[in-house]
Amino acid sequence: MTNNRSGRGKSRRNTATATPVQGKQHNKTIQAKKDRKLEQSRVGVGNRMLQVERRNGNSNGNTDGNVNDSDRKKRGERGSRRSSSVRQTQAASNRNRPSAQHLDLPVHKNDEVVIDIIGMNHDGEGVGRVEGFTLFVPGALPGEKVRVKVLKTKKQYGYAKLLDIAQASPDRIAAPCAIYDQCGGCQLQHMSYEAQLSWKRQHVVDVLERIGKLSVATESSEHTAEILATSADGNANHMSRVQGVVVHPTLGMSEPWRYRNKAQVPIGVTEGGLVGGFYARGSHRIVDMNTCLIQDERNDEVVARVKEIGRMLGISAYNEETGRGLLRHVVVKTAFRTGEMMLVLVTNGRDIPHADAWIGSIREHIPHVASICQNVNTKRTNVIFGDETRVLWGRDVIYDYIGNVQFAISARSFYQVNPVQTEVLYGKTVEYAGLTGKETVIDAYCGIGTISLFLAQHADQVYGVEIVKEAIDDARSNALLNEMRNVKFEVGASEDVIPAWKEQGITADVIVVDPPRKGCDPRLLDTILEMKPERVVYVSCNPSTLARDLRILEDGGYRTVEVQPVDMFPHTVHVESVALLERWRLSK
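What this report covers is the structure whose coordinates are included nearby. (Residues numbered from 1 in each chain as written. Predicted model: local features only at pLDDT ≥ 70, side-chain atom pairs only at ≥ 80, totals over all residues. Heavy atoms only, no water.)

### Quick word on helix α9 (residues 419-433)
Link 1 in the chain: For α9, with 15 residues, the first-to-last C-alpha span of 21 Å sits near the 21 Å given by 1.5 Å per residue.
Link 2 in the chain: Listing the buried residues of α9 in full gives P419, Q421, T422, L425, Y426, K428, T429, V430, Y432 and A433.
Link 3 in the chain: On its buried face, α9 sits against β14 (397-402), α10 (450-456), β19 (510-513), β20 (535-540), β21 (558-566) and β22 (576-583).
Link 4 in the chain: Note on α9: the residue one or two positions beyond its end, G434, has a positive phi of about 60 degrees. (Helix = DSSP H or I, 4+ residues; strand = E, 2+ residues; numbered from the N terminus. Expected span 1.5 Å × (residues − 1). Buried < 20%, exposed > 50% of the residue type's maximum accessible area, 1.4 Å probe, protein only. Contact = heavy atoms within 4.5 Å.)

### A short note on the sheet that holds strand β3 (residues 133-138)
Link 1 in the chain: An order of β1-β2-β3-β5-β4 is seen for the 5 strands of this closed barrel, with the pairing classed as mixed. Taken over all neighbouring pairs, the strand axes of this sheet differ in orientation by 50 degrees on average, direction set aside.
Link 2 in the chain: In this sheet, strand β4 (residues 145-153) lies alongside strand β1 (residues 112-120) in antiparallel orientation, the contact comprising 5 bridges. From the neighbouring strand, V113 faces β4, where its bridge partner is V148. (Pairing = 2+ DSSP bridges. Axes fitted to C-alpha atoms, helices over the stretch in contact; angles between N-to-C directions.)

### So, the pattern of salt bridges
Link 1 in the chain: Summed over the entire model, instances satisfying the criterion amount to 22 salt bridges.
Link 2 in the chain: Between R305 and E308 there is a salt bridge, with the nearest N and O atoms lying 3.3 Å from each other. In this pair, R305 and E308 are both assigned in helix α7 (residues 297-313), 3 residues apart and thus about one turn of the helix distant.
Link 3 in the chain: Here E308 falls in the partly exposed class, since its relative accessible area comes to 45%.
Link 4 in the chain: Note that E340 is salt-bridged to R395, the shortest N-O span being 2.6 Å. Of the two residues, E340 is situated in the loop between β10 (327-334) and β11 (341-347) and R395 in the loop between β13 (388-394) and β14; the sequence distance between them amounts to 55 residues.
Link 5 in the chain: If you follow the salt bridges from partner to partner, you end up with E112, R147 and D164 in one network. (Salt bridge = Lys/Arg side-chain N within 4 Å of Asp/Glu carboxyl O.)

### Thoughts on the packing of aromatic side chains
Link 1 in the chain: Summed over all chains, the structure comprises 6 aromatic pairs.
Link 2 in the chain: An angle of 65 degrees between the planes, with centres 5.9 Å apart, marks the rings of F136 and Y157 as edge-to-face. Taken as a pair, F136 in strand β3 and Y157 in strand β5 (residues 157-167) lie far apart in primary sequence, 21 residues in all.
Link 3 in the chain: When its relative accessible area of 1% is taken as the criterion, F136 is described as buried.
Link 4 in the chain: The exposure class assigned to Y157 is buried, which follows from its relative accessible area of 9%. (Phe/Tyr/Trp six-rings, centres within 6.5 Å; stacked < 30°, edge-to-face > 60°.)

### Topic: the packing of helix α13 (residues 522-531) against helix α14 (residues 543-555)
Link 1 in the chain: At a minimum axis separation of 10 Å, α13 and α14 run at an interaxial angle of 30 degrees. Taken as a pair, α13 and α14 cross one another with a handedness that is right-handed. Contact residues: α13 offers L525, I528 and L529, while α14 offers D549, I552 and L553.
Link 2 in the chain: Here the residues of the contact of α13 with α14 are counted per class, giving 5 nonpolar, no polar and 1 charged. (Left-handed = near helix turned anticlockwise from the far one by under 90°. Nonpolar A, V, L, I, M, F, W, Y, C, P; charged D, E, K, R; others polar.)

### Describing α13
Residues lying three or four places apart along an α-helix face the same way, a consequence of the helix completing one turn every 3.6 residues.
Link 1 in the chain: Those residues of α13 not exposed but buried are L524, L525, T527, I528, L529 and M531.
Link 2 in the chain: Among the structural elements, β16 (440-444), α12 (494-503), β19, β20, α14 and β21 are those in contact with the buried residues of α13.
Link 3 in the chain: Capping the start of α13 is the job of one residue whose side-chain oxygen sits 2.8 Å from the backbone nitrogen of R523: D521.
Link 4 in the chain: Immediately downstream of α13, the backbone of K532 shows phi near 55 degrees, a positive value. (Polar contact = N/O pair within 3.5 Å; in protein donor to acceptor, adjacent residues only side chain to side chain.)

Everything listed here is a matter of coordinates, which is why it stays silent on function.
Have a look at this one:
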């Protein structure tokens, strides 16, 4: 399937804000920027024993005020001469600068060395050292002795390919997926599930300490949980007995396979005809695939049927280089509790040849499909969905439950991809909110209202805010669907809407935030500090930005009490967390 299988980013934001990307060359430029950013970030993450320095490049921006054409022309001429001079100077400097191959490094490209793996970074790559020089090795696990081939060296770190394992980790297992080495969707299938859960907790601990500058409690989880239970009334004497932030063991799944309820499959063409599956690692080449071990089997079945019918009917696949071809993506959504399914055909144009035959065959072979939709996307872009969605057959939504709350899921609405762990995540969120039925709660980044409606069952009033209008429309519909009248939703940026609510006399006892991977907007954090709720519950899909934002809230008068990691995406490096913060009242 697609490489970004975590489903977080979050897609509810991407559909509204993503900028179209023009053509393959622009895709390469974007990917190059991402690669440079990834290389810079890799060095400073992972095992906290590794303190590898980073050197960040600076980019200069130009500003242009109100100047007339003559001034602009003169400036351009001077700038052109100046740029030429700078380029010549830089070229001369680069010729004199020693390459990585000639630096005094202990290893160089194509060298083969045996190293000990002492940690793992946030991408799941093993981290080892040669005479103090750091090498990142995909596929290697902490505690292993491995033979590697150096692929690339930088000034302070390099990358290597795993050749042989001289001493294997007891956590190493055989990856059950036949295409695990080719596909980028999972990163940790070669690691036992128990070890994955342990590593994810340690990853959270590492970033809280390194980025958030927080002290993490070292006492046993059972002992600290007992103290926290006695401090539910906010008694400062009890709270002071817990030295540091309590990070609990990661909450995992009893069955960590076949957990995804949504598949987004890119469609391409080879000499053998229509194919659909996943992008080969580090490329835009589509490799055909019939099954994915983290996808629900029913999703695999629908995708296979669509490809089979498409080949039979001669449906063309979209070509991102030429912009021609019809079928771009096949999106399948499955409701785990109700069993209903939705199929979305993303096409490069409105006309679908043999549409009736296609729909009839799908209905005949897959009776659980309750909705067949078409999304039209004619832009030269890497964004999956276009602006127009229409129903080809059945309803425009399917229904599913999280806990006892029912949700209507449309073709483009954001809905958590692991419903089993979503219930665990939201249950912990409600627990940390500490609701008695009398509180007013604000849910920032509320999406389609999933967390808001969970909270509304236990609060006096809930206010949800989300910047995407379509998500708020879904949230309001879901509130009506569940006959919940104590929840109000509003479109806008949290940092704008919440201050307006405050001016109307609305104050929150608890604020819940569930931001995208980039974390909370700084203005929202300022707003929280100004409103001064008794508790803040932070739901995070990125430990690094969580740690950054917790530091800001701590500096503003809050104390991070406990953090609960939740494994929403087994066999990947992604980890969700729920953090509880309370206003700090102890006198200095």
